[in-house]
Amino acid sequence: MGLFKDIFGTKEERIQIVAPVAGKLVPLSEVSDPTFSEEILGQGAAVIPSENQFFSPVDGTVTTVFPTGHAVALTSADGVEILLHIGLDTVKLNGKHFTIHAEEGQQVKKGDLLLEADLEQIKSEGYDIITPVVVCNTEEFSEIGMAKGGQGTVGDVIINIIKRKD
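None of these values were measured; they are calculated from a predicted model. (Residues numbered from 1 in each chain as written. Predicted model: local features only at pLDDT ≥ 70, side-chain atom pairs only at ≥ 80, totals over all residues. Heavy atoms only, no water.)

A. Layout of the sheet that holds strand β9 (residues 107-108). The strand order β9-β5-β6-β7-β11-β3-β2-β13 describes an open sheet built from eight strands, whose pairing is antiparallel. Only two strands of the sheet have a single partner each, and these edge strands are β9 and β13 (150-152). Sheet topology places strand β3 (residues 43-49) next to strand β11 (residues 131-135); five bridges connect them, and they run antiparallel. Considered in β11, the bridge of Gly-44 is made with Val-134. (Pairing = 2+ DSSP bridges. Helix = DSSP H or I, 4+ residues; strand = E, 2+ residues; numbered from the N terminus.)

Written as structure tokens, this is what we have:
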């Protein structure tokens, strides 16, 4: 087996990021904000949410909870840095229509409740509710790909990552 590894190089570790909310999975290129669509913050996927509760997409640690409740950053147990950003320009709501259920430093499992957002109210104020899920340390992985798009539920795999192992 050693020779096989020598010929083909490094072993790969597969990591999966799951949907933080039920809704329609779309590529980041469909997000109308260039910060996300041009992958300035990193690669990933986006969900057009159909429910108001947002859950952890990984087992890991909450690294940042924005005081406005519109976004949370997590670091998975595998070292993936993820930004979950509910809606576009929703920071301007200053926390209105958002409820925070997580705190910085908190250990979370996939499916733990992080945030709630009153999507109808947010939409009624003219905001796009599309929710980017971005891998902020994209450069540390050999491959990041979005799962097949379409309707999904919390816990469905939305992003597949391959991490090189030496």
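More follows now that the structure is in view.
B. How the structure looks around the side chain of Asp-33. Relative to the elements of secondary structure, Asp-33 occurs in the loop between β2 (23-26) and α2 (34-37). One buried charge, Asp-33, has no salt-bridge partner; the nearest side chain with opposite charge is Lys-92, at 8.8 Å. A polar contact of 2.8 Å, which involves the side chain of Asp-33, links it to the backbone nitrogen of Thr-35. (Buried < 20%, exposed > 50% of the residue type's maximum accessible area, 1.4 Å probe, protein only. Lys, Arg positive; Asp, Glu negative; His and termini not counted. Salt bridge = Lys/Arg side-chain N within 4 Å of Asp/Glu carboxyl O. Polar contact = N/O pair within 3.5 Å; in protein donor to acceptor, adjacent residues only side chain to side chain.)

C. Molecular detail of the confidence of the model for the protein. In the predicted model, the protein carries a mean pLDDT of 93, and the fraction of residues at 70 or more is 93%. A low-confidence stretch, residues 1-7 stays under pLDDT 50, and its non-local contacts, those more than four residues away or across chains, total three contacts. (pLDDT = per-residue confidence, 0-100. Contact = heavy atoms within 4.5 Å.)

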